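# Residue-level structural notes
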Amino acid sequence: MKPRVRFAPSPTGYLHIGGARTALFNWLHARRHGGTFVLRIEDTDQERSTPESVQAILDGLTWLGIDWDEGPGKPGPYEPYFQMKKLARYHELANQLIAEGKAYRDYATEEETRAARVEFAKSKGFAADADFLELRKAGFKWRSPWRDKTEQREGPFVVRFKMPELSGSFGFDDQVLGRIEKPYEDLDDFVLLRTDGIPLYNFGCVVDDHDMHITLVGRGQEHINSTFPQLMLYKTLGWSPPQFAHFPLILGPDREKLSKRRHPEADVMVHKKNGILPHALINFVARLGWSHGNDETFTLEDLIQKFDFAHVGHTSGVWNPEKLSWLNEHWLKTSEPKDVVRALVPFLADAGLTVSADDPRLVPLVLAFRTRAKTLVDIANAAKPYFAHGVAIDPAAAAKHLSSEGKAMLQKARAHLETLEWAQKPLDGVVDTVAAETGAKKGAIAQPIRVAVTGGTVSPGIGETLVLLGRDEALFRIDAALK
RNA sequence: GUCCCCAUCGUCUAGAGGCCCAGGACGCUGGCCUUUCAAGCCGGCAACACGGGUUCGAAUCCCGUUGGGGAUACCA
């Protein structure tokens, strides 16, 4: 059977790096087995959900090259793919559960729940106004007086699942972690529908995964515990649950869970801005929590061919910016130059250069600087002087290499340069020619040329640099330096 | 607190009882190459959390301890 998997983000901000990896693992699984990858927007948190966030998620996935078969902009058989558009469906199911005595309307007022809370707090020695979560930690459980009533009345209510009183434990076989179990008694009457009629995560998630015929749910380990109430729902609704796969978390360099607040790198798009290739990020994030022997670099095809849940790790991984950087350097060096150029163009624009993607100077430029750059930003910055007319010479470099001897060498080199075919090889030869002629060291010839032509002491090889500049510009700069 | 998950170099990891006095990668570091800077190449440092078992034999299995993370909402 072809798998149907999904990525179900909540649109409450940018695409989070952890979410991106969850999406990737699911996508890889679908692509490998010829299955379907569904994108579902869980927008039930009305306070935090925004249309901009939906767009940010779509943009992030698109940049990474993760496409979806069903979801926003991709009509499919199980529409809609936004939870807020199928409220009626949740209500229908909730009412069915109520009618069957498997859920109930909880009309408990604020006062009633508070009274119960205060009583518990007192018995445990807490202040009367102790934080709800603190009390939960101390073992407070809300047991509604409406649990066993069926009467309806006016006024707001939440719909709660009526947890059966069962002994023993239940669980599931996680595709990465193995068997996970929990005693029934650990579950309580969780809320299905809020007062405003909007479903809560556990309910909406189960209904949608069922409705969308999801066969495997792959998500972060933070959801392990919510699998249990969800399993109860499947059982109660008479549905068979999908398989589950829980992926390890990604921690920040400080070993805290990667969060939007403290970790800028949690935003997928900051890496785009930083000049990281999308595939480098994919490669990095894939290797964080998954492995394939000693392999480190993977093309997308490799990943699709080799990815499996069995080799997803069990341990949280720490974000390692150096490794991301190395991977970016690797893909900068090994990708098709044309592809690098395409990714580079926006950065050129940011650097103030209006160059079209098919400018013939771009490929040689990428070839010259890709081994010297960590990011596309580096390449764009390096490229800038090559598009200008004339160059400002660094005084320290001039002092060192454009002394009278330096200029003498430069003069000799210039004379040869004029006669040569303007290509890397013959141009490189000029250093040897002058060295043979004068008995000087190669550095004493190459450096004055380099400084004259680039303004500094660091650049690609002389021949390559000269070609990049073009004959006219190169000669112009040399003459300027000679003055 | 309770429940759940986890535990190999600083970091990501290989390792499914003997092939491991533990391999790869990043980083760090020494060198080679070299007209600069990179890249590349060769080398080095560096780990099985601890304690008990099981076994002829354990990084690998079991138990406990410790440590880390996650969940405990009318967020997802």
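Attention here is on the structure that accompanies the text. (Residues numbered from 1 in each chain as written. Chains lettered and ligands numbered in written order. Predicted model: local features only at pLDDT ≥ 70, side-chain atom pairs only at ≥ 80, totals over all residues. Heavy atoms only, no water.)

### Some points on helix 9 (residues 278-287)
The test is simple: Accessibility here uses a 1.4 Å probe with only protein chains present; expressed as a share of the type maximum, an area under 20% marks a residue as buried, one over 50% as exposed, and anything in between as partly exposed. Here a strand is any run of E in DSSP of at least two residues, a helix any run of H or I of at least four, and the numbering for each starts at the N terminus.
Among the 10 residues of helix 9, seven are classified as buried, and the element is accordingly described as predominantly covered. The positive-phi residue at the C-terminal boundary of helix 9 is G289, with phi of around 105°.

### A few points about the protein's contact with RNA strand B
Note the following rule: Residues are classed as near a molecule or strand on a simple rule: at least one heavy atom within 4 Å of it. Within 3.5 Å is the distance limit for a polar contact, defined as a pair of N or O atoms, with the added protein rule that one can donate a hydrogen and the other accept it, and that residues adjacent in sequence qualify only through two side-chain atoms. The nonpolar class holds Ala, Val, Leu, Ile, Met, Phe, Trp, Tyr, Cys and Pro. Asp, Glu, Lys and Arg form the charged class, and all remaining residues, Gly among them, are polar.
Residues in close proximity to RNA strand B total 60 residues, the closest being D45, R136, K137, R255 and T371. With respect to RNA strand B, the backbone of Y201 contributes an N or O atom lying 3.0 Å from a phosphate oxygen. Contacts to RNA strand B include N225, whose side-chain N or O atom sits 2.8 Å from a base nitrogen. Among the elements of the structure, helix 5 (132-137), strand 4 (158-161), strand 6 (178-183), strand 11 (317-318), helix 11 (321-334) and helix 18 (442-454) are those that each provide at least two residues to the surface near RNA strand B. Among the elements that take part in the surface near RNA strand B, helix 18 stands out by supplying five residues, more than any other. A class-by-class count of the residues in the surface near RNA strand B yields 17 nonpolar, 21 polar and 22 charged.

### Examining the pattern of salt bridges
Two side chains of opposite charge can pair, provided their charged atoms sit close to one another. The criterion, for reference: Here a salt bridge means any side-chain nitrogen of Lys or Arg lying within 4 Å of a carboxyl oxygen belonging to Asp or Glu.
Taken as a whole and assessed by the stated rule, the structure comprises 32 salt bridges. Here R31 ties to D67 by a salt bridge, and the two come within 3.3 Å at their closest N and O atoms. Of this pair, R31 sits in helix 1 (residues 17-32) while D67 is found in the loop between helix 2 (51-64) and helix 3 (87-99), placing the two residues 36 residues apart along the sequence. The exposure class of D67 is partly exposed, given its relative accessible area of 36%. When the shortest N-O distance is used, the salt bridge between E473 and R477 registers 2.6 Å. Linking E473 with R477, this pair stays in helix 20 (residues 471-482), spanning four residues, or about one helical turn. When sorted by exposure, E473 lands in the same class as R477, which is buried. Through salt bridges with shared partners, one network takes in R6, R40, E42, K86, R89, E92, D208, D209 and D211.

### Topic: the packing of helix 17 (residues 424-438) against helix 18
Convention followed: To get an axis, a line is fitted to the C-alpha atoms, and for a helix only the part in contact is used. The angle between two axes follows their N-to-C directions and goes from 0 to 180 degrees. The scheme is simple: roughly parallel for angles under 35 degrees, roughly antiparallel for over 145, roughly perpendicular for 65 to 115, oblique for anything else. Here is the rule for handedness: rotate from the far helix to the near one, and if that takes an anticlockwise turn smaller than a right angle the crossing is left-handed, while a clockwise turn gives right-handed. Only heavy atoms enter the contact rule, under which two residues are in contact if any of them lie within 4.5 Å.
At their nearest, the axes of helix 17 and helix 18 sit 9 Å apart, and the two run at 130° to each other. Viewed along their axes, helix 17 and helix 18 adopt a mutual orientation that is oblique. Considering how the two elements wind past one another, helix 17 and helix 18 form a crossing that is right-handed. Across the interface between the two elements, V430, V431, D432, V434, A435 and T438 of helix 17 pack against K442, I445, A446 and I449 of helix 18. Among the residues making up the contact of helix 17 with helix 18, the classes are represented as seven nonpolar, one polar and two charged.

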